[in-house]
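# Overview (structure and organization)
The primary structure of each chain is shown beneath.
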Amino acid sequence: ASTTPEEPRVFFQIQLAGTQTTPSDVRAIIVQIKSDSRLADAFIGSTKLFSDPDALISKAEEHLAAGRPKAAEAVLERFLTLHPGHKKEPEALYRRAEAAFNMNDYSGAVLRFQDVIDRHKKSVWAAYAMYRQGECFEAQGQKDNAKLFWEDVIRLWPDTKAARLAKKKLGR
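Right, let's walk through the structure included here.

Rules used throughout
Residues numbered from 1 in each chain as written. Predicted model: local features only at pLDDT ≥ 70, side-chain atom pairs only at ≥ 80, totals over all residues. Heavy atoms only, no water. Helix = DSSP H or I, 4+ residues; strand = E, 2+ residues; numbered from the N terminus. Buried < 20%, exposed > 50% of the residue type's maximum accessible area, 1.4 Å probe, protein only. Contact = heavy atoms within 4.5 Å. Core = buried A, V, L, I, M, F, W, Y, C linked by side-chain atoms within 4.5 Å. Expected span 1.5 Å × (residues − 1). Phe/Tyr/Trp six-rings, centres within 6.5 Å; stacked < 30°, edge-to-face > 60°. Lys NZ or Arg CZ within 6 Å of the ring centre and 35° of its normal.

Bringing unusual backbone geometry into the picture now. Trans peptide bonds make up the majority, and among non-glycine residues the majority have a negative phi. In this structure, asparagine 104 takes a positive phi of about 60° despite not being glycine. Position of asparagine 104 among the secondary structure elements: in the loop between helix 6 (89-102) and helix 7 (106-119). Of the residues examined, asparagine 104 reaches a relative accessible area of 54% and is grouped as exposed.

This brings us to the environment of glutamate 91. Relative to the elements of secondary structure, glutamate 91 occurs in helix 6. In this structure the C-alpha to C-alpha distance between glutamate 91 and alanine 126, which are 35 residues apart in sequence, comes to 9.2 Å. If we skip the residues at most four places from it in the chain, glutamate 91 touches Ile57, Glu61 and Trp125.

Moving on: the nonpolar core. Formed by 37 residues in total, the largest nonpolar core has its most connected members in Phe113, Cys136 and Val153. Counting residues per element, the ones that place at least two in this core are helix 4 (53-65), helix 5 (69-82), helix 6, helix 7, helix 8 (124-139), helix 9 (143-156) and helix 10 (161-169). Those residues in contact with valine 153 that lie beyond four places of it in its chain are Ala127, Met130, Tyr131, Pro158, Ala162, Ala163 and Ala166.

Between its first and last C-alpha atoms helix 6 spans 20 Å; for 14 residues at 1.5 Å apiece the expected length is 20 Å, and the two agree. Of all 14 residues in helix 6, 13 are buried; the element is thus mostly enclosed. Looking one or two residues past helix 6, asparagine 104 carries a phi angle of roughly 60°, positive in sign.

Overall, the coordinates contain six aromatic pairs when judged by the stated rule. With 5.0 Å between their ring centres and 45° between their planes, tyrosine 94 and tryptophan 125 make a pair best called tilted. With tyrosine 94 in helix 6 and tryptophan 125 in helix 8, this residue pair connects regions lying 31 residues apart in the sequence. Each residue in the set Tyr94, Phe113, Trp125 and Tyr128 is aromatic and connected to the rest through ring pairs, giving one cluster. Positioned over the ring face of phenylalanine 101 is arginine 132, at 4.1 Å from the centre of the ring.

In structure tokens:
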């Protein structure tokens with residue numbers, strides 16, 4: 001009797017995502033892969049999921065949309081570790097900040113959004129990051145501070161969607 005779920009890919013996502021996988025766990029997984037071609041095919045697909053930059057960003061977006069910010073954060077940390085300097089790094093940093101925001105860690109989110117701005121000022125993600133910093137302050141009841149960030153978005157990135165959103169927040 002097999003102990004793997006019906007869907008082999010799910011088995012590997014569970015196994016590979018675990019942070020406490022022991023060497024004996026890995027050996028057991030390898031034995032199962034060798035004995036079942038369905039598992040071998042699923043393993044190849046799952047390992048791509050855990051290393052491919054586009055797949056990691058997609059998985060993080062999926063977690064954020066499903067209300068799993070902690071899972072999204074873990075996936076984004078993996079992306080940032082495996083792919084420093086990748087063209088999607090600004091997006092990964094931004095989404096990691098969003099995960100903090102979604103966990104109501106507004107101070108952490110402000111710092112993470114600032115990381116996007118500091119490292120990728122010319123990216124579209126920087127304008128959104130500053131806009132979201134304003135939302136962090138708004139969520140903490142600091143409307144005057146929030147307004148400063150939204151005004152800066154308009155001043156620094158006037159022709160962006162983030163600037164249009166900031167104008168709405170300011171009632172312009």
